[in-house]
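# Tertiary structure, described
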Amino acid sequence: MEAVNSAVSQTKLLNFRSGRNSSSLNLSRHRGTTSICYAKFGSHFSDDGLRETDKSLKLSAASNIASDINNVNLAKSMHVPVGRHRHNLFGRTNCAAETCIYDGEVHSASSSAAQEKIGVLLLNLGGPETLNDVQPFLFNLFADPDIIRLPRLFRFLQRPLAQLISVSRAPKSKEGYAAIGGGSPLRRITDEQAQALKLALEIKDLDANVYVGMRYWHPFTEDALHQIKKDKITKLVVLPLYPQFSISTSGSSIRVLQNFIREDGYLARLPISIIESWYHREGYIKSMADLIDADLQKFTNPEEVMVFFSAHGVPLSYVEDAGDPYRDQMEECISLIMTELKSRGIDNPHTLAYQSRVGPVQWLKPYTDEVLVELGQRGVKSLLAVPVSFVSEHIETLEEIDMEYRHLALQSGIKNWGRVPALGCTSSFISDLADAVIEVLPSASLLNTNNVEGTETETEMTDPVQYAINLLFGSVFAFLLMLSPKLISAFRKYLF
Ligand SMILES: C=CC1=C(C)c2cc3[nH]c(cc4nc(cc5[nH]c(cc1n2)c(C)c5CCC(=O)O)C(CCC(=O)O)=C4C)c(C)c3C=C
Ligand SMILES: [Fe+2]
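Keep in mind that what you see is a predicted model, and the values were worked out from it rather than measured.

To continue, consider the overall build of the protein chain. On a plain count of helices and strands, the protein chain comes out with 19 helices and ten strands. Buried residues in the protein chain amount to 58% of all 496 residues. Restricting to contacts in the protein chain with at least 6 residues of sequence separation, those with at least 24 account for 83%. Accessible surface for the protein chain amounts to roughly 20700 Å². Of this, 55% is attributable to carbon and sulfur atoms.

What follows is the structure, encoded as structure tokens:
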């Protein structure tokens, strides 16, 4: 019964309203796959799915994680509920039967235990590794129908538009990447997180291969799936490295994944569990609170510091028209972190704002740059910036926050500035991700990929006038951009 309920709520969670043909990410449960026992997790297999095994990293990460495990287990055994705990994704399913049924074939639990090969696929955005990669990386990003959401009729313009926008934005982006050393650190950090997660899983008695699949740059999700197939993985946990779900991030990565699964017989028969958001997990919340707590102590008067959460924005229409849960999840996440800090006697004022907007449309408000100026004008003197939508350092922490926003804040009258680092390979955090993987493994099941496609807005579907307006402006805008490079440069200062 628990397994059935779990399947129903998983389907609900992955169904976001996204337009005319709702791009639901339905999960359907395959009978028999919920009977996997924890006893199977002890099987050993090679780790050739991992790139660049770094022995020293492995050892130091292992000792950090080992020292953390006791604390995490203690916290878990206390069953402290944090936020909306989603039992469908994180609740354990009991080993209910001795047999497993795959495509009508019955195997005994002990025989399939010997062959079980667990894989964990970390999904991330990816970033250009050199300045020459910047424009093609931007092309991949803007060619994503979950990033630039054109009406269905104008989808044929997606790639030409992506070409134009990427060429137009590349010089500004390159400046940013040049300022942080000539490329994005995302691949290196994500590989380190993959290594650390593998070790944390080993320590918890689960042998698993951990793969990295990026949405817009190497190693692409497709490459990871090829390796998963080559390694004959028999059960897969998919973990997007975004704590909060957005159509534009985890949603886009999962949609791409589903498209590959639909086209490949092996992947279509692979039991999969997707952890689509994990901002409410106790381990994540406590790890964030630890970082904030530690950095507050670096100020001369810690109790006077404004805790300034800066989240990556999304266009307002994602939340208001397409049902993106991103803003709600972000607000709940901040509230959980502040509650955790309060329980430690830390009661600083805090605020949430959204950064990194792109293009002429309205994004989630308030905007980080505007709030910084206002806080300066209001006489706030000390501020601790906390990047909260991403768990690696990247261009928007290293350049936008550390350089642009810091400069703006100091100019606006703020005297003392600090910035909390991204979680990276923090051992308590990685250990909690390992727990999340272990918890969802038993509910791995076959994915129903029938309804997967790009996204469109709900308003377009229900409002014919809005649809006609979008159609008209979409076409005029796209054709003007396509026809006139001069116009693009004129537009550049408004667009980007
Ligand atoms: C939760 C995180 C993110 C959301 C939500 C998100 C939405 C989103 N982003 C763009 C446009 C760009 N994003 C770029 C880089 C970038 N974005 C994220 C995360 C989220 N994006 C990260 C981690 C990175 C950095 C990768 C790196 O190389 O370090 C870029 C490129 C950089 C730049 O030119 O500023 C663009 C462009 C949109 C349009 C969007 C929502 C629709
Ligand atoms: Fe982004």
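On we go.
Close to ligand 1 lie 30 residues; Arg169, Ser173, Tyr177, Ser184 and His312 are nearest. Here an oxygen atom of ligand 1 and a side-chain polar atom of Ser184 are 3.0 Å apart. Between ligand 1 and His312 there is a distance of 3.0 Å, counted from a nitrogen atom to a side-chain nitrogen or oxygen. Expressed as a share of its isolated accessible area of 800 Å², the protein-covered part of ligand 1 is 97%. Contributions of two or more residues to the shell around ligand 1 are made by helix H5 (134–142), helix H6 (158–179), helix H9 (247–263) and helix H15 (395–411). Counting residues per element, the shell around ligand 1 draws most heavily on H5, at four residues. When the residues that make up the shell around ligand 1 are grouped by side-chain class, the tally is 18 nonpolar, ten polar and two charged. Shared between two domains, the shell around ligand 1 holds at least three residues of each, these being domain 1 (1–280 + 425–496) and domain 2 (283–419).

Pairing in this open sheet of four strands is parallel, and the strands run E8-E7-E9-E10 from one edge to the other. The open sheet has two free edges, formed respectively by strand E8 (350–355) and strand E10 (416–419), since each of these has just one partner strand. Taking the axes of each pair of neighbouring strands and ignoring which way they run, one obtains an average angle of 25 degrees across the sheet. Relative to E8, strand E7 (residues 306–312) is paired through six bridges, and the arrangement is parallel. What sits directly across from Ala311, in E8, is Tyr354. Set on the sheet, helix H13 (residues 326–343) makes contact with E7 and E8; between it and E8 the angle comes to about 150 degrees.

Moving on to the domain arrangement of the protein chain. Each domain of the protein chain was delimited in the assignment, giving domain 1 (1–280 + 425–496) and domain 2 (283–419). Of the residues lining the interface, 43 residues belong to domain 1; the matching set on domain 2 comes to 32 residues. When the two sides are added together, the surface that domain 1 and domain 2 hide from each other amounts to roughly 3100 Å², 63% of it contributed by carbon and sulfur. At the boundary of domain 1 with domain 2, the tally comes to twelve residue pairs in polar contact (both at pLDDT 80 or more). Looking at the side of domain 1 that touches domain 2, the elements with two or more residues in it are H6, helix H7 (186–203), H9, helix H16 (427–440) and helix H17 (458–462).

Turning to the nonpolar core, a few remarks are in order. In this structure, Leu197, Leu201, Tyr284, Ile292, Phe309, Ile337 and Val388 are the most contacted members of the largest nonpolar core, which totals 64 residues. Residues lining this core come from more than one domain, with at least three contributed by each of domain 1 (1–280 + 425–496) and domain 2 (283–419). Setting aside its immediate chain neighbours within four residues, Ile337 contacts Ile285, Met288, Ile292, Phe309 and Val388. Counting 20 residues, the second-largest nonpolar core is a separate cluster that includes Ile148, Ile165, Ile180 and Trp217.

This part takes up the packing of helix H14 (residues 368–377) against H15. Direction vectors running N to C along H14 and H15 enclose 25 degrees, while the axes themselves pass 8 Å from each other. With respect to H15, the element H14 is oriented roughly parallel. Regarding H14 and H15, the two cross each other, and that crossing is right-handed. Contact residues: H14 offers Thr368, Asp369, Leu372 and Val373, while H15 offers Tyr405, Leu408 and Ala409. Looking at the contact of H14 with H15 residue by residue, the classes come out as five nonpolar, one polar and one charged.

As a further point, take the sheet that holds strand E3 (residues 118–124). Strand order in the open sheet formed by four strands is E4-E3-E5-E6, and the pairing between neighbours is parallel. Edge strands, defined here as strands with exactly one partner in the open sheet, are strand E4 (208–214) and strand E6 (272–274). The sheet shows a mean angle of 20 degrees between the axes of neighbouring strands, direction not considered. Pairing geometry for E3 and E4, over seven bridges, is parallel. The residue of E4 that forms the bridge with Leu122 is Val212. Contacting E3, strand E5 (235–240) and E6, H9 crosses the sheet at an angle of about 130 degrees to E3. Sitting on the sheet, H16 touches E3, E5 and E6, and the angle it makes with E5 is about 140 degrees.

What follows deals with the environment of Ser166. Turning to its location among the elements, Ser166 is positioned in helix H6. Taking C-alpha positions, Ser166 is 24 Å from Arg188, a pair spaced 22 residues apart along the chain. Among all residues touching Ser166, those that are not within four sequence positions of it are Gln135, Leu138, Phe139 and Phe142.

Here helix H11 (residues 282–296) contains 15 residues, and its C-alpha end-to-end distance of 21 Å stays within 8% of the 21 Å for a straight helix at 1.5 Å per residue. Glu282, Gly283, Tyr284, Ile285, Ser287, Met288, Ala289, Leu291, Ile292, Asp293, Asp295 and Leu296 are the residues of H11 that are buried.

This paragraph deals with the pattern of salt bridges. Taken as a whole, this structure holds 21 salt bridges when the rule is applied. The salt bridge partner of Arg281 is Asp432, with a shortest N-O separation of 3.0 Å. Of this pair, Arg281 sits in the loop between E6 and H11 while Asp432 sits in helix H16, and the two are 151 residues apart along the sequence. The exposure classification of Arg281 matches that of Asp432, with both residues buried.

Right, let's get into the pairing of E5. Summarising burial for E5: six of the six residues are buried, a large majority. Residues Lys235, Val237 and Leu239 of E5 are buried on one face, and the alternating residues Leu236, Val238 and Pro240, pointing to the opposite face, are buried as well. Bridge analysis of E3 against E5 gives six bridges, and the strand direction is parallel. Among the inter-strand pairings, Val120 is bridged to a residue of E5, identified as Val237. Bridge count between E5 and E6: three bridges; the pairing is parallel. Across the sheet, the residue bridging to Val238 is Ile274, located in E6.

Cut-off values and rules
Residues numbered from 1 in each chain as written. Chains lettered and ligands numbered in written order. Predicted model: local features only at pLDDT ≥ 70, side-chain atom pairs only at ≥ 80, totals over all residues. Heavy atoms only, no water. Helix = DSSP H or I, 4+ residues; strand = E, 2+ residues; numbered from the N terminus. Buried < 20%, exposed > 50% of the residue type's maximum accessible area, 1.4 Å probe, protein only. Contact = heavy atoms within 4.5 Å. Areas by Shrake-Rupley, 256 points an atom, 1.4 Å probe, with all protein chains shown as cover. Near = heavy atom within 4 Å. Polar contact = N/O pair within 3.5 Å; in protein donor to acceptor, adjacent residues only side chain to side chain. Nonpolar A, V, L, I, M, F, W, Y, C, P; charged D, E, K, R; others polar. Domains from an automatic or database assignment. Pairing = 2+ DSSP bridges. Axes fitted to C-alpha atoms, helices over the stretch in contact; angles between N-to-C directions. Buried area = accessible area lost by both parts, 1.4 Å probe. Core = buried A, V, L, I, M, F, W, Y, C linked by side-chain atoms within 4.5 Å. Parallel < 35°, antiparallel > 145°, perpendicular 65-115°, else oblique. Left-handed = near helix turned anticlockwise from the far one by under 90°. Expected span 1.5 Å × (residues − 1). Salt bridge = Lys/Arg side-chain N within 4 Å of Asp/Glu carboxyl O.

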